[in-house]
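Examination of the molecular architecture
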Amino acid sequence: MATNIAVENVRKVYQTGKDEVEAVSNVSFTAEEGEFVAILGPSGCGKSTLLMMCAGLETITSGRIIMDGQPVTEPRAHVGIMFQDSTLLPWKTVMENILFPVKVQKRPMAEHKERARELIHMVGLSGFEEKKPHQLSGGMRQRVAICRALVTDPDILLMDEPFSALDAMTRDEMNDALLDIWDRYRKTGLFVTHSIREAVYLADRVLVMTRRPATVVEDLRIPFGRPRDRSIGEKAEFNEICAYLRNLIEKREDSPRRQARAA
Ligand SMILES: Nc1ncnc2c1ncn2[C@@H]1O[C@H](COP(=O)(O)OP(=O)(O)O)[C@@H](O)[C@H]1O
Ligand SMILES: [Mg+2]
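The written sequence of each chain sets the order in which its residues are numbered from 1. Both sets of labels track the order of writing: A upward for chains, 1 upward for ligands. For a predicted model such as this one, the threshold for reporting local features is a pLDDT of at least 70, and the threshold for listing and counting side-chain atom pairs is 80 or more; totals across whole chains, interfaces and linings nevertheless cover every residue. Values reported for side chains reflect all heavy atoms of the structure, with hydrogen atoms and water molecules removed beforehand.

1. Examining the overall build of the chain
The criterion, for reference: Put simply, DSSP marks the helices as runs of H or I at least four residues long and the strands as runs of E at least two long, and each gets a number from the N terminus on. Only C-alpha atoms enter the radius of gyration, while the globule expectation follows 2.2 Å times N to the 0.38, with N the number of residues. Think of it in three bands: residues with accessible area under 20% of the maximum for their type are buried, residues over 50% are exposed, and the middle band is partly exposed, with areas taken using a 1.4 Å probe on protein chains only. In what follows, a contact means two residues having at least one pair of non-hydrogen atoms within 4.5 Å. In these tables, accessible area is a Shrake-Rupley quantity obtained with a 1.4 Å probe, and a residue counts as shielded only by the protein chains included in the view.
Within the chain one finds nine helices and ten strands. Relative to the globule expectation of 18 Å for 263 residues, the C-alpha radius of gyration of the chain, 19 Å, shows essentially globular dimensions. With respect to the principal axes defined by its C-alpha atoms, the chain has extents near 55 × 50 × 35 Å. The 263 residues of the chain split such that 51% are buried. Put simply, of all contacts in the chain between residues at least 6 apart along the chain, 70% involve residues at least 24 apart. If you sum the accessible surface of the chain, you get close to 12500 Å²; carbon and sulfur atoms cover 48% of it.

2. With respect to the site of ligand 1
Heads up, the condition is: If a single non-hydrogen atom of a residue is within 4 Å of a molecule or strand, that residue counts as near it. N or O atoms within 3.5 Å of each other form a polar contact, as long as, within protein, one can give a hydrogen and the other can take it, and as long as residues adjacent in sequence are counted only when both atoms are side-chain atoms.
As a structural note, the neighbourhood of ligand 1 is formed by Tyr14, Thr16, Ala23, Pro42, Ser43, Gly44, Cys45, Gly46, Lys47, Ser48, Thr49 and Arg212. Tyrosine 14 has a polar side-chain atom sitting 3.5 Å from a nitrogen atom of ligand 1. Measuring from an oxygen atom of ligand 1, one finds a side-chain N or O atom of threonine 49 at 2.5 Å. Within the complex, 65% of the 560 Å² of free accessible area of ligand 1 lies under protein.

3. Examining the packing of aromatic side chains
Applicable threshold: Think of it this way: a Phe, Tyr or Trp ring, Trp meaning its six-membered ring, pairs with another when their centres are within 6.5 Å, and the plane angle makes it stacked under 30 degrees, edge-to-face over 60, tilted otherwise.
As enumerated under the stated definition, the model contains four aromatic pairs in all. Measuring from centroid to centroid gives 5.5 Å for phenylalanine 36 and phenylalanine 191, while their planes differ by 40°, and the two rings are tilted. Remark: phenylalanine 191 occurs in strand β8 (residues 188-193) and phenylalanine 36 occurs in strand β3 (residues 36-40); sequence separation between them is 155 residues. In terms of burial, phenylalanine 36 and phenylalanine 191 fall into one category: buried. You can call phenylalanine 191 buried: its relative accessible area is 0%. Here the aromatic residues Phe36, Phe163, Trp182 and Phe191 are joined through ring pairs into a cluster of three or more.

4. A look at the confidence of the model for the chain
The test is simple: Along the chain, pLDDT gives the predictor's confidence residue by residue, from 0 to 100.
On average, residues of the chain score 92 in pLDDT, and 95% of them reach the 70 mark or higher. Considering each helix and strand of the chain separately, the mean pLDDT is smallest for helix α9 (residues 256-262), with a value of 53, and largest for helix α2 (residues 94-98), with 98.

5. A word on the packing of helix α4 (residues 109-122) against helix α6 (residues 168-185)
For clarity, the cut-off: In this analysis, axes come from line fits to C-alpha atoms, helices being fitted only over the stretch in contact, and the angle between any two N-to-C directions falls in the range 0 to 180 degrees. An angle below 35 degrees is treated as roughly parallel, one above 145 as roughly antiparallel, one from 65 to 115 as roughly perpendicular, and anything else as oblique. Polar here means any residue other than Ala, Val, Leu, Ile, Met, Phe, Trp, Tyr, Cys and Pro, which are nonpolar, and Asp, Glu, Lys and Arg, which are charged; Gly is therefore polar.
One way to put it is that α4 packs onto α6 with a least axis distance of 11 Å and a crossing angle of 135°. Judged by the inter-axis angle, α4 sits oblique to α6. Mapping the contact onto sequence places Arg115, Glu118, Leu119 and Met122 in α4 and Asp180, Ile181, Arg184 and Tyr185 in α6. Tallied by class, the residues present in the contact of α4 with α6 amount to four nonpolar, no polar and four charged.

6. Notes on α6
Keep this limit in mind: The span you would expect from a helix comes to 1.5 Å times its residue count less one.
For α6, with 18 residues, the first-to-last C-alpha span of 25 Å sits near the 26 Å given by 1.5 Å per residue. Buried residues of α6: Thr170, Arg171, Met174, Asn175, Ala177, Leu178, Leu179, Ile181, Trp182 and Tyr185, and no others. Tucked into the core, α6 has its buried residues touching β3, α4, α5 (138-150), β7 (156-160), β8 and α7 (196-202). Note on α6: the residue one or two positions beyond its end, arginine 186, has a positive phi of about 35°.

7. Re helix α8 (residues 236-251)
Cut-off, in case you're wondering: Directions from the helix axis toward the C-beta atoms define the arc.
In this model, α8 (16 residues) spans 22 Å end to end at C-alpha, consistent with the 22 Å of a helix rising 1.5 Å per residue. Within the sequence span of α8, burial applies to Phe238, Ile241, Cys242, Tyr244, Leu245, Leu248 and Ile249. Seen along its axis, α8 keeps its buried residues to an arc of 160°; they face one direction. Counted as exposed and oriented over 90 degrees from the buried face of α8: Ala236, Glu240 and Glu250.

Written as structure tokens, this is what we have:
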């Protein structure tokens, strides 16, 4: 597998007037092609900042981020992004919202409309193409946001707590939808969350970040193959991994597994 995202000694200091806030102190990790990497950490530890730097939407104070062999300096067409809020345009229909990146990037409309239809079908939104965002539930709006992020067939998908505002049942459904999408379209993904179970359920690897200024204190491979379904959530191993991660985040200690590996 080729390395698709390499974050190398990345640091971020925000300047607000005379004050400096070090949001990310020194973060390094890689994501291989087709890998789904979840980033877990407490609120305010710099997760969104890290993702924004990967997206080219925030400057990097020092260090660098390489995507597809190129340093990130600005937003790129082959990267799809999803946020906690669906950020749909309220006056546009579902179909128009999904095709918005196609329009902005001046790509051929007809073939992308075909792809949009396929994605709409995949996430269970067939029949809603002409609806406006206010006519949809929160979960449906996030489904539209997934389709919009995937319509140009990006190599990389960056997701910043995309399901955090949803109720528990809708969130479970969205997790399953995302697993299906991964089985079918296989992107390289960075997925920020503060739900431990969500991270373990979805990801191939889970990175744990400490409190601000953030560094990565654990990089754990999740030993479940794909396709996955909810039954893995009942396995003892799944719950052991969750307990281990919870303990790590609460204690904010260096990982015993990592220390054992280093020894
Ligand atoms: N634009 C900004 N200017 C100044 N400080 C910021 C800015 N964005 C975020 N921060 C600060 O950086 C830290 C990390 O924020 P953020 O990346 O949003 O964390 P998280 O997503 O993990 O909750 C916080 O202390 C936050 O207040
Ligand atoms: Mg955030």
